[in-house]
Amino acid sequence: GIQVEQSPPDLILQEGANSTLRCNFSDSVNNLQWFHQNPWGQLINLFYIPSGTKQNGRLSATTVATERYSLLYISSSQTTDSGVYFCAVDLTGTASKLTFGTGTRLQVTL
Amino acid sequence: EAGVAQSPRYKIIEKRQSVAFWCNPISGHATLYWYQQILGQGPKLLIQFQNNGVVDDSQLPKDRFSAERLKGVDSTLKIQPAKLEDSAVYLCASSPRGNSGRGADTQYFGPGTRLTVL
């Protein structure tokens, strides 16, 4: 099956710092989504981004489908950004069968 | 708009007992998913429903897990009998468009049920 690897596995930032999270996948995909799982376990969809670049406030994401990777940028990090960030991919294109990556655990400190 | 609702939020049982989880998706969403998330891992899809039909249950351990979505709205996931390795968070998600052939769409997750099997 498809392999989805994320790096780094763990990241500690001071508030206000910027960061880049990476997601590599082993096969062509029709769907890629980034999620944030907060410390209480709630998964929130951040981006649906099978290709190209999108921005939402302090967050932006870029997927280069031909090179099989995606990047999530967090600028001016805040303590509320803490949690685990997952990318998830879908091969099929007709149904949302997502395969989740290994996750990046982010801790933002004061 | 109300989000995906799940209950209970926490459950502790002994091995070989049975347990059931309930999920109510966002109103009007055609597709419903159950995921299992073991501590330290990403969620793994167990079963996907399109309305009240099963689209994919290839990763559901059918000897002990079962799920249904009556009337194409809410859903229950059951484990009988439970094993220690079933300890995990069980997440329900829904998405609006479903298996339309137009590409995957955004999934919205509920708060999850944390199951501990002793």
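To be clear, the structure that these remarks concern was listed above.
These figures come from a predicted structure and were not determined experimentally.

Trainee: Help me out: how do you make sense of the pairing of strand β2 (residues 10-14) of chain A in this one?
Mentor: Consecutive side chains along a regular strand alternate between the two faces of the sheet. All names here are of chain A. By the alternation rule, side chains of β2 split into Leu 11 and Leu 13, which are all buried, and Asp 10, Ile 12 and Gln 14, of which none is buried. As defined by bridge partners, β2 adjoins strand β11 (residues 104-109) across 5 bridges and the pair is classed as parallel. In the sheet register, Leu 11 faces β11, and the bridge partner there is Leu 106.

Trainee: How should I be thinking about the environment of Ile 74 of chain A in this particular structure?
Mentor: All names here are of chain A. If you trace the backbone, Ile 74 turns up in strand β8 (residues 69-74). Between the alpha carbons of Ile 74 and Leu 59 there is a distance of 4.9 Å; along the sequence they are 15 residues apart. Not counting the four nearest positions on each side in its chain, Ile 74 is found in contact with Ala 17, Asn 18, Ser 19, Leu 21, Arg 58, Leu 59, Asp 81, Tyr 85 and Leu 106.

Trainee: Looking at this model, I keep getting lost on the nonpolar core. Mind explaining?
Mentor: Taken as a class, soluble globular proteins show a tendency for nonpolar side chains to be buried jointly. By size, the foremost hydrophobic cluster in this structure holds 22 residues, and its most contacted members are Trp 34 and Leu 72 of chain A. Of all the secondary structure elements, the ones that give two or more residues to this core are β2, β3 (19-25), β4 (31-37), β5 (43-48), β7 (59-64), β8, β9 (83-90) and β11 of chain A. For Leu 72 of chain A, the contacting residues outside a window of four places in its chain are Ser 19, Thr 20, Leu 21, Trp 34, Leu 46, Phe 47, Ser 60, Ala 61 and Tyr 85 of chain A. Ile 13, Phe 21, Phe 65 and Tyr 90 of chain B belong to the second-largest nonpolar core, a separate cluster that totals 21 residues.

Trainee: Would you mind showing me how to read the pattern of salt bridges here?
Mentor: If the charged atoms of two oppositely charged side chains come close together, the side chains can form a pair. According to the stated counting rule, one finds 3 salt bridges over all chains in the structure shown. Asp 81 of chain A is the partner of Arg 58 of chain A in a salt bridge, and the nearest nitrogen-oxygen pair spans 2.8 Å. Placement of the pair is Arg 58 of chain A in the loop between β6 (52-56) and β7 and Asp 81 of chain A in the loop between β8 and β9, with a sequence separation of 23 residues. A relative accessible area of 7% means that Asp 81 of chain A is categorised as buried. A salt bridge links Lys 62 of chain B to Asp 57 of chain B, with the shortest nitrogen-to-oxygen separation between them at 3.7 Å. Asp 57 of chain B gets classed as partly exposed once you look at its relative accessible area, which sits at 25%.

Trainee: How should the sheet that holds β7 of chain A be read in this particular structure?
Mentor: Picture the strands of a sheet paired through backbone hydrogen bonds; they go either parallel or antiparallel. Residues and elements named next belong to chain A. Spatially, β1-β3-β8-β7-β6 is the arrangement adopted by the 5 strands of the open sheet, whose pairing is antiparallel. Each having just a single partner strand, β1 (4-7) and β6 make up the two edges of the open sheet. For this sheet, the mean inter-axis angle between neighbouring strands, taken without regard to orientation, is 15 degrees. Bridge count between β3 and β8: 6 bridges; the pairing is antiparallel. Bridged to Cys 23 within β8 is Ser 70.

Rules and cut-offs
- Residues numbered from 1 in each chain as written.
- Chains lettered and ligands numbered in written order.
- Predicted model: local features only at pLDDT ≥ 70, side-chain atom pairs only at ≥ 80, totals over all residues.
- Heavy atoms only, no water.
- Buried < 20%, exposed > 50% of the residue type's maximum accessible area, 1.4 Å probe, protein only.
- Helix = DSSP H or I, 4+ residues; strand = E, 2+ residues; numbered from the N terminus.
- Pairing = 2+ DSSP bridges.
- Contact = heavy atoms within 4.5 Å.
- Core = buried A, V, L, I, M, F, W, Y, C linked by side-chain atoms within 4.5 Å.
- Salt bridge = Lys/Arg side-chain N within 4 Å of Asp/Glu carboxyl O.
- Axes fitted to C-alpha atoms, helices over the stretch in contact; angles between N-to-C directions.

Everything listed here is a matter of coordinates, which is why it stays silent on function.
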